[in-house]
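# Breakdown of the fold
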Amino acid sequence: MKTKTFSPFVWLLTFIVVVSLACGPTPTQAPQPTQPPTQAPAPTSVPEKPTEPPAPKATQPPSGLVTNLTDLKKATIQIEAQGTFIDPQVGVMVNAAGRGSGFIIDPSGIAVTNNHVVTGAALLKVWIGGDTSKTYNARVLGVSECSDLAIIDIEGDGYPYLDWYQGSPAVGLEVYAAGFPLGDPEFTMTKGIVSKEKTSGETSWASVKDVLEHTSTINPGNSGGPLVDANAKVVGINYAGASSTNQYFAIADDAAKPVIDELRAGKDVDTIGINGEAVASQDGSLKGIWVSSVKSGSPADKAGVKAGDIILSMENLYLANNGTMSEYCDILRTHKPTDTLAIQVLRFSTQEILDGQLNGRALAVSSSFATQLGNETNNTNNTGGGTGDYTDYVKITDDTGSIQLEVPAEWNDIDTKVWSSDWGGDKFDSPSITAAANLNNYLNGFSEPGVFFAASKQLGQLGGYVELLDGVKNWYKNDCTFKERVDYGEGKWADPLYEGKFDLWENCGPDKTLVLVLAARPKGDTSYLLLLEMKIVSDRDLKALDRILQTFQANF
């Protein structure tokens with residue numbers, strides 16, 4: 001492909017003022033009589049001494065509630081998610097184990113972590129308080145892709161737990177990030193302050209509202225761990241950081257708690273059941289949501305989405321245009337979980353475009369040239385040029401390293417030199433690849449199947465793709481019948497990277513060969529053009545065309 005280079009609280013002084021009304025009104029001294037009375041009246045009773053009010057009793061925290069930093073470790077957990085994942089840079093990771101952090105919020109074992117820590121895992125292992133001598137199993141109760149939150153239930157009960165911070169954390173609040181970074185079982189706690197009360201929570205893997213920025217250092221593996229104040233009250237859930245700029249981010253507790261309440265009840269929120277990340281190709285022409293793993297039984301799973309797919313669009317809206325999950329999450333937030341949503345996927349392993357629906361029609365291949373051309377031309381019954389599908393393909397790169405594509409291994413007569421020619425007197429040089437079983441036969445007639453592919457910025461300077469197609473008509477008009485010119489890049493002729501037009505020429509030569517000539521450019525980029533010619537002699541050449549169109553690539 002069209003490959004991708006996928007190359008993501010203000011010290012609030014709480015003044016508790018105890019006001020004691022210790023002073024009453026000052027008594028007034030009785031006036032002295034001018035003359036002493038003849039007889040003083042006898043007191044009828046002796047006044048009692050006022051009773052002191054009882055001292056208030058100290059309120060004890062609930063059993064198991066952690067209220068200090070010393071005990072914070074006891075309620076902080078390390079999570080290992082095991083499963084098979086497909087990473088956009090690493091590739092397939094079979095039986096891989098990734099680790100993150102979390103924290104317990106209920107003595108029954110209910111714990112908070114990030115969605116990207118647990119979704120799509122086959123099993124979860126948990127260690128509590130850095131004690132690696134005992135491993136606990138846990139199950140996922142609910143997840144939210146867009147809020148990057150998950151609730152898990154650890155087996156057993158009677159666990160230490162954390163409570164939430166009361167009030168709005170302000171800039172300057174002293175905070176502490178706790179967890180188990182870098183996969184290390186040793187508990188880590190770092191100190192900092194809230195540096196910004198609210199900042200953008202849009203990342204390549206989540207679309208979070210009300211994010212706190214702080215200076216407590218976090219590293220990979222801290223994801224899902226707590227950010228607490230000096231009394232071990234949870235201010236936020238750590239989920240992202242940039243060590244180069246000393247910026248670290250936590251999902252604010254007031255934004256997290258409503259979502260967590262739903263997750264605890266076993267309800268997924270703003271999710272189709274994937275562990276996804278916004279990605280883009282090196283030239284920016286391909287964008288979408290890369291699927292690392294899929295939760296079994298989820299809407300994505302039922303629709304046929306697989307790990308390694310790229311979700312290109314939902315409800316006909318293209319995704320990840322700004323490198324974040326914002327469009328994807330906005331769509332989910334404006335629909336009910338049961339709504340039927342159109343979805344288009346690029347299956348990266350086969351380079352197929354699939355269309356289908358969430359909560360509806362399953363994904364199916366939507367852009368097979370073999371099928372479409374077979375339906376529209378009269379050449380599909382031609383069995384010349386060999387029978388049986390091509391079984392092996394090889395990647396070919398031109399001499400300059402600028403262009404490449406995959407061709408049948410049988411097409412082993414190959415020319416990768418620069419193509420030098422002229423266009424109306426304007427000379428140009430272009431990287432090119434020509435491949436066939438017999439190049440001489442391919443170049444001098446229409447009986448030999450094969451492919452010619454060229455691309456360059458100089459071609460782009462000569463005109464647009466329409467002019468390019470018009471300029472090569474002379475190659476075919478004396479030996480073929482022109483059938484039609486077709487838009488390329490959308491609809492049934494969809495391509496996630498390129499746009500242009502192709503001409504179909506029928507009945508070429510005595511073998512009545514079909515020729516497809518494509519002129520195209522990268523979507524959103526007019527700096528270069530490409531030209532691709534394919535001579536199709538048999539049904540298996542149509543299938544080879546699918547592979548060629550799925551794998552041709554130019555990098556300038």
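Residues numbered from 1 in each chain as written. Predicted model: local features only at pLDDT ≥ 70, side-chain atom pairs only at ≥ 80, totals over all residues. Heavy atoms only, no water.

What follows covers the overall build of the protein. Along the backbone of the protein there are nine helices and 31 strands. For the protein, the proportion of its 556 residues judged to be buried stands at 50%. Within the structure as shown, the protein displays about 26,400 Å² of accessible surface, and the carbon and sulfur contribution to it stands at 49%. (Helix = DSSP H or I, 4+ residues; strand = E, 2+ residues; numbered from the N terminus. Buried < 20%, exposed > 50% of the residue type's maximum accessible area, 1.4 Å probe, protein only. Areas by Shrake-Rupley, 256 points an atom, 1.4 Å probe, with all protein chains shown as cover.)

A word on the confidence of the model for the protein. For any part of a model where pLDDT is low, the fine detail of the predicted coordinates should not be relied upon. Looking at the protein as a whole, its pLDDT mean stands at 85, while 85% of the residues score no less than 70. Note on residues 1-46: pLDDT is under 50 here. Beyond four places in sequence and across chains, it has 72 contacts. Segment residues 379-385 is flagged for pLDDT under 50; beyond a separation of four residues in sequence, or across chains, it makes 20 contacts in the model. (pLDDT = per-residue confidence, 0-100. Contact = heavy atoms within 4.5 Å.)

With that settled, consider the sheet that holds strand S3 (residues 110-113). Here six strands make up a closed barrel; going around it, the order is S1-S2-S3-S6-S5-S4 and the pairing antiparallel. Averaged over neighbouring strand pairs, the angle between their axes works out to 40 degrees when direction is ignored. Where strand S5 (residues 136-144) meets strand S6 (residues 149-154), six bridges bridge the pair, whose relative direction is antiparallel. Considered in S6, the bridge of Ser144 is made with Leu149. Packing against the sheet, helix H2 (residues 253-264) makes contact with S3, S5 and S6, and its axis sits at approximately 45 degrees to S6. (Pairing = 2+ DSSP bridges. Axes fitted to C-alpha atoms, helices over the stretch in contact; angles between N-to-C directions.)

Of all eight residues in helix H4 (residues 326-333), six are buried; the element is thus mostly enclosed. For H4, every residue scored as buried is listed here: Ser326, Glu327, Tyr328, Cys329, Ile331 and Leu332.

The next thing to look at is the environment of Thr215. Of note, Thr215 is situated in the loop between strand S9 (207-214) and strand S10 (226-228). Separated by 34 residues in the primary sequence, Thr215 and Phe249 place their C-alpha atoms 8.6 Å from one another. Leave out the neighbours within four places in its chain, and Thr215 touches Lys191, Gly192, Ile193, Ser195, Asn246 and Tyr248. A distance of 2.9 Å separates the side chain of Thr215 from the backbone nitrogen of Ile193, its partner in a polar contact. (Polar contact = N/O pair within 3.5 Å; in protein donor to acceptor, adjacent residues only side chain to side chain.)

In this description, an aromatic ring pair is defined by two values, namely the gap between the centres and the angle between the planes. In total, this model carries 16 aromatic pairs according to the counting rule given. When the ring of Tyr390 is compared with that of Trp411, the centres are 5.8 Å apart and the planes differ by 80 degrees; the resulting orientation is edge-to-face. Here Trp411 lies in the loop between strand S21 (403-408) and strand S22 (413-415) and Tyr390 lies in the loop between helix H5 (369-376) and strand S20 (393-397), a separation of 21 residues in the sequence. By relative accessible area, Trp411 is classed as buried at 1%. Grouping aromatic residues by their ring pairs yields a cluster made of Trp419, Phe428, Phe452, Trp475, Tyr476, Phe482 and Trp505. (Phe/Tyr/Trp six-rings, centres within 6.5 Å; stacked < 30°, edge-to-face > 60°.)

This paragraph deals with the state of the cysteines. Summed over the entire model, instances satisfying the criterion amount to two disulfides. Across a sulfur-sulfur distance of 2.2 Å, Cys146 and Cys329 are joined as a disulfide pair. Sign of the S-S torsion, about -100 degrees for the bond between Cys146 and Cys329, identifies this disulfide as left-handed. In this pair, Cys146 is assigned in the loop between S5 and S6 and Cys329 in helix H4, connecting sequence segments 183 residues apart. Comparing Cys146 with Cys329, the two get one shared label, buried. The partner cysteine of Cys480 in its disulfide is Cys508, sulfur to sulfur 2.1 Å. Looking down the S-S bond of the Cys480 and Cys508 bridge, the torsion is 125 degrees, so its handedness is right-handed. Of the two residues, Cys480 sits in the loop between helix H8 (465-471) and strand S27 (481-488) while Cys508 sits in strand S28 (residues 498-508), which places them 28 residues apart along the sequence. Judged by relative accessible area, which is 0%, Cys508 ranks as buried. (Disulfide = S-S within 2.5 Å.)

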